[in-house]
Amino acid sequence: MTMSWHTMMEFEPPLVGCVISGRNFSFDALRKTKECVLNIPSAELAKQVVGVGNCSGSRMDKFRKFKLTPLPASQVAAPLIAECYANLECRVVDTRMVNKYNFFVLEVIQAWIDPTQKNPRTLHHQGKGVFMVAGETIKLPSRMA
Ligand SMILES: Cc1cc2nc3c(=O)[nH]c(=O)nc-3n(C[C@H](O)[C@H](O)[C@H](O)COP(=O)(O)O)c2cc1C
């Protein structure tokens, strides 16, 4: 599934929180397996991103339909997506907010990037099919890591 409702929660261990609708196939899969891979695409994959987010894996193989290449992960059974800039192998570590908010807390246990993709133009969903594409970066003095 495509997901825009997510947030960093902690550096060490690296935690990511995400809201997943109970109507999605991914909700049951995550509840059952307690693991997943978060795939971070760049703008070249925008059409697939929207396509994947508008159909359900309960009825089809989205890798085939959207011509994406599954690669074996190292720590979890779910596959990586070869075309994505980054792939984060995750384990569910807290389900206390699932009943109330559909909010899963994931720990990233293995992270991969594609070193051939320099300055990836990642997609940032603004809602209703509108995306900001990452471009310019700036660096300022800061005590924050
Ligand atoms: C840009 C975009 C962002 C989305 N963000 C979320 C999200 O944060 N949480 C969610 O539950 N569904 C989100 N969706 C909807 C799911 O991706 C969609 O329901 C998908 O068909 C679920 O697939 P599945 O049934 O294979 O899990 C989003 C869809 C799009 C197109």
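In the block above lies the structure referred to throughout.
A brief report on the enclosed structure follows. Source: prediction; values computed, not measured.

Digging into the overall build of the protein chain
Here is step 1 of the chain: Counting its regular elements, the protein chain contains 4 helices and 9 strands.
Here is step 2 of the chain: When the elements of the protein chain are put in sequence order from the N terminus, they spell out β-β-α-β-α-α-β-β-β-α-β-β-β.
Here is step 3 of the chain: A compact globule built from 145 residues should have a C-alpha radius of gyration of about 15 Å, and the protein chain, at 15 Å, falls within 12% of that.
Here is step 4 of the chain: For the protein chain, the C-alpha atoms occupy an extent of roughly 45 × 35 × 35 Å along the three principal directions.

Some points on the environment of Pro 115
Here is step 1 of the chain: Along the chain, Pro 115 falls in the loop between strand E7 (103–113) and strand E8 (123–127).
Here is step 2 of the chain: Assessed through its relative accessible area of 54%, Pro 115 is described here as exposed.
Here is step 3 of the chain: In the structure, Pro 115 is positioned 28 residues away from Arg 143 in sequence and 27 Å away in space, judged by C-alpha atoms.

A few points about the site of the ligand
Here is step 1 of the chain: As a structural note, the neighbourhood of the ligand is formed by 20 residues, with Ser 21, Ser 26, Cys 55, Ser 56 and Gly 57 the closest of them.
Here is step 2 of the chain: In this structure, Gly 57 approaches the ligand through a main-chain N or O atom, which is 2.7 Å from an oxygen atom.
Here is step 3 of the chain: Across the shell around the ligand, the residue classes break down as 9 nonpolar, 10 polar and 1 charged.

Topic: the pairing of E7
Here is step 1 of the chain: As defined by bridge partners, strand E2 (residues 15–19) adjoins E7 across 5 bridges and the pair is classed as antiparallel. Counterpart to Val 19 in the pairing with E7 is Phe 103.
Here is step 2 of the chain: The pairing of strand E6 (residues 86–94) with E7 spans 8 bridges and is antiparallel. Directly across from Ala 86, in E7, lies its bridge partner Ile 113.

Focus on the sheet that holds strand E1 (residues 6–10)
Across a sheet, paired strands are connected by hydrogen bonds in the backbone, their directions being either parallel or antiparallel.
Here is step 1 of the chain: Spatially, 5 strands are ordered E1-E2-E7-E6-E3 in an open sheet, and the strand pairing comes out antiparallel. Of all strands in the sheet, those bounded by a partner on one side alone are E1 and strand E3 (35–40). Going from strand to strand, the sheet's axes swing by 40° on average, the running direction of each strand aside.
Here is step 2 of the chain: The strands touched by helix H1 (residues 25–33) within the sheet are E3, E6 and E7, with E7 carrying the most contacts at an inclination of about 80°.

Topic: the state of the cysteines
Here is step 1 of the chain: Counted according to the given criterion, the structure contains 0 disulfides.
Here is step 2 of the chain: Cysteine Cys 36 remains unbridged, with the sulfur of Cys 90 as its closest cysteine sulfur at 4.6 Å.
Here is step 3 of the chain: For Cys 36, a relative accessible area of 14% puts it in the buried group.

Considering the pairing of E1
Here is step 1 of the chain: By the bridge criterion, 4 bridges tie E1 to E2 in an arrangement that is antiparallel. Of the residues in E2, the one forming a bridge with Glu 10 is Leu 15.
Here is step 2 of the chain: What sits between the antiparallel neighbours E1 and E2 is a turn of 4 residues.

A look at the side chain of Asn 87
Here is step 1 of the chain: For Asn 87, the location among the structural elements is in strand E6.
Here is step 2 of the chain: In terms of polar contacts, Asn 87 uses its side chain to reach the backbone amide nitrogen of Ile 81, at 3.0 Å.
Here is step 3 of the chain: Non-local contacts of Asn 87, meaning those with residues more than four positions away in its chain, are made with Val 37, Leu 38, Asn 39, Leu 80, Ile 81, Gln 110, Ala 111 and Trp 112.

Definitions and cut-offs
Residues numbered from 1 in each chain as written. Predicted model: local features only at pLDDT ≥ 70, side-chain atom pairs only at ≥ 80, totals over all residues. Heavy atoms only, no water. Helix = DSSP H or I, 4+ residues; strand = E, 2+ residues; numbered from the N terminus. Rg over C-alpha atoms; globule rule 2.2 N^0.38 Å. Buried < 20%, exposed > 50% of the residue type's maximum accessible area, 1.4 Å probe, protein only. Near = heavy atom within 4 Å. Polar contact = N/O pair within 3.5 Å; in protein donor to acceptor, adjacent residues only side chain to side chain. Nonpolar A, V, L, I, M, F, W, Y, C, P; charged D, E, K, R; others polar. Pairing = 2+ DSSP bridges. Axes fitted to C-alpha atoms, helices over the stretch in contact; angles between N-to-C directions. Contact = heavy atoms within 4.5 Å. Disulfide = S-S within 2.5 Å.

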